[in-house]
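One-letter residues, chain by chain:
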Amino acid sequence: MSPDKHNEPLKRIIVAVTGASGAPYARRLVDCLITSGAEVHLVISPLGRRLFVDELAIEDINASTLLGRVDERLVLHPYKDVGDPLGSGSTPIDAMVICPCSGNTLAQVAAGMGDNLITRAAQVTLKERRRLVIVHREMPMNHLDLENCLRLSTAGAVICPAAPGFYMLPRRIEDLVDFVVGKIMDLVGVKHKLNTRWTDMLDASAPAAEDHS
Ligand SMILES: Cc1cc2nc3c(=O)[nH]c(=O)nc-3n(C[C@H](O)[C@H](O)[C@H](O)COP(=O)(O)O)c2cc1C
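Rules used in this analysis
Residue numbering note: each chain is counted from 1, following its sequence as written. Totals for whole chains, interfaces and linings use all residues, but because this is a predicted model, local features are given only for residues with pLDDT of at least 70 and pairs of side-chain atoms are given and counted only at 80 or more. No hydrogens and no water enter the side-chain calculation; it runs on all heavy atoms of the structure. Categorising residues by exposure relies on relative accessible area from a 1.4 Å probe, with only protein chains included: less than 20% of the type maximum marks a residue as buried, more than 50% marks it as exposed, and the intermediate range marks it as partly exposed. A run of DSSP states H or I qualifies as a helix once it reaches four residues; a run of E qualifies as a strand once it reaches two. Both are numbered from the N-terminal end. Picture the helix axis, draw a direction to every C-beta atom, and the arc is the one those directions span. Whether two residues are in contact is decided by their heavy atoms, any of which lying within 4.5 Å being enough. Interaxial angle, 0 to 180 degrees, is taken between N-to-C directions of lines fitted to C-alpha atoms, where a helix line uses only the stretch in contact. For this classification, under 35 degrees means roughly parallel, over 145 means roughly antiparallel, 65 to 115 means roughly perpendicular, and everything else is oblique. Two helices that cross are described as forming a left-handed crossing if the nearer one is turned anticlockwise from the farther one by less than a right angle, and a right-handed crossing if clockwise. Three residue categories are used. Nonpolar comprises Ala, Val, Leu, Ile, Met, Phe, Trp, Tyr, Cys and Pro, charged comprises Asp, Glu, Lys and Arg, and polar comprises the others, including Gly. We call a residue near a molecule or strand when any one of its heavy atoms sits within 4 Å of it. Counted as a polar contact is a pair of N or O atoms within 3.5 Å, where, for protein atoms, one must be capable of donating a hydrogen and the other of accepting one, and residues adjacent in sequence contribute only when both atoms are in side chains. What sets the accessible areas is the Shrake-Rupley method with a 1.4 Å probe; for residues, cover comes only from the shown protein chains. In this scheme Phe, Tyr and Trp rings, the latter by its six-membered ring, pair at centre separations within 6.5 Å, and the angle between planes marks the pair as stacked below 30 degrees, edge-to-face above 60, and tilted otherwise. Two strands are counted as paired when DSSP detects at least two bridges linking them. For the handedness criterion, the strands are oriented away from the viewer, and a crossover whose path from the first strand over the helix to the second runs clockwise is classed as right-handed.

A. Structural detail: helix H2 (residues 46-56). Among the residues of H2, Gly48, Leu51, Phe52 and Leu56 are the ones counted as buried. Around the axis of H2, the buried residues are gathered within 110 degrees of arc, so they sit on the same side. Along its buried surface, H2 packs onto strand E1 (12-17), helix H1 (23-35), strand E2 (39-44) and helix H3 (63-67). Two residues or fewer past H2, alanine 57 is found with a positive phi of approximately 55 degrees.

Following this line, the structure appears as structure tokens:
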């Protein structure tokens, strides 16, 4: 792996976006990962695209509309093509985040299904014993959602619900979004300076994604 601008190994992260509410989390996560020097491999379900329209008024998803700039480290992959490199364990990937994760995709992954690139890549992530972070969003959760979360946690995934805390005294929606994104970045091991930790004493040297407040 080639080093990034901070002389750390380049991280390759899959970000999968599904049709749960929370497109702002997805966009900010992609932006912060790229800003921190990671390479982002983005897959979006059809309902995930609809939520980008509904919640962010983004119709055409690309680096310009997501980041406001062109960046070759953002790579879009086709949702329907399970033959894409992300569907193979031999592709060097460090971690996968499903953000936001619908109850539908949660159930499919928990059932071992892999008939689209998101679910297939999630199965590959689990079988290769790589980190899989599931940012589920549903409220309230039914019994099946809870069982699916437990099943995936037992299989090695990290369940990281989109549930921002308030102890950092958020003042804007962006603060709440950053709280969740910071947690995800911690879980995939990408450094950031988002204002998400109760104590940041151990991270004084962190480069990377900035707190934009
Ligand atoms: C506006 C809108 C908001 C939705 N929000 C959620 C949600 O927060 N959580 C969820 O599990 N499903 C939600 N859904 C339902 C999913 O989009 C639906 O189950 C879909 O089949 C998910 O497909 P996917 O997992 O392939 O993206 C929402 C649907 C719409 C149209």
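Resuming the write-up.
B. Seen up close, the packing of H1 against helix H7 (residues 173-187). In contact at an axis separation of 9 Å, H1 and H7 are set at 55 degrees when each is read in the N-to-C sense. Between H1 and H7, the crossing angle belongs to the class labelled oblique. As for the relative orientation of H1 and H7, their crossing is right-handed in sense. For the pair formed by H1 and H7, the contact residues are Pro24, Tyr25, Arg28, Leu29, Cys32 and Leu33 on the first element and Leu176, Val177, Asp178, Val180, Val181, Ile184 and Met185 on the second. Broken down by class, the residue content of the contact of H1 with H7 amounts to 11 nonpolar, no polar and two charged.

C. Local environment of the site of the ligand. The local shell around the ligand holds 16 residues, among which Gly19, Ser45, Ser102, Thr105 and Arg137 are the closest. At a separation of 2.6 Å, an oxygen atom of the ligand approaches a polar backbone atom of glycine 19. In this structure, threonine 105 approaches the ligand through a side-chain N or O atom, which is 2.5 Å from an oxygen atom. Burial of the ligand by the surrounding chains reaches 69%, relative to a free accessible area of 650 Å². At the level of secondary structure, the elements contributing two or more residues to the shell around the ligand comprise H2 and helix H4 (103-110). Looking at the shell around the ligand element by element, the count peaks at four residues for H2. Of the residues assigned to the shell around the ligand, the class counts are four nonpolar, eight polar and four charged.

D. Geometry of the side chain of arginine 28. With respect to the element layout, arginine 28 can be found in helix H1. Looking at arginine 28, the relative accessible area reads 13%, which means it is buried. A polar contact of 2.6 Å, which involves the side chain of arginine 28, links it to the side chain of aspartate 178.

E. Looking closely at the packing of aromatic side chains. This model, assessed by the stated rule, comprises one aromatic pair. On the basis of an interplanar angle of 80 degrees and a centroid distance of 5.6 Å, the ring pair of tyrosine 167 and phenylalanine 179 is categorised as edge-to-face. Here tyrosine 167, found in the loop between strand E6 (158-159) and H7, pairs with phenylalanine 179, found in helix H7; they are 12 residues apart in sequence, far enough to count as distant. The buried category is assigned to phenylalanine 179, whose relative accessible area is 6%.

F. Just the pairing of E1, in detail. Most of E1 sits inside the fold, with six of its six residues counted as buried. Neither face of E1 is exposed, since Arg12, Ile14 and Ala16 on one face and Ile13, Val15 and Val17 on the opposite face are all buried. Inspection of the sheet shows E1 paired to E2 by six bridges, in the parallel sense. For isoleucine 14, the partnering residue across the bridge sits in E2 and is histidine 41. Note that the unit made of E1, H1 and E2 has a crossover that is right-handed.

G. Representation of unusual backbone geometry. The amide bond that connects cysteine 99 to the next residue, proline 100, takes the cis arrangement and shows omega of -10 degrees. By the element assignment, proline 100 lies in strand E4 (residues 95-101). The step from methionine 139 to proline 140 runs through a cis peptide bond, and the omega angle for that step is -10 degrees. Unusually for a residue other than glycine, alanine 57 sits at a positive phi of about 55 degrees. In this structure, alanine 57 sits in the loop between H2 and H3. Here the phi dihedral of leucine 169 falls at roughly 55 degrees; this positive angle occurs in a residue that is not glycine.

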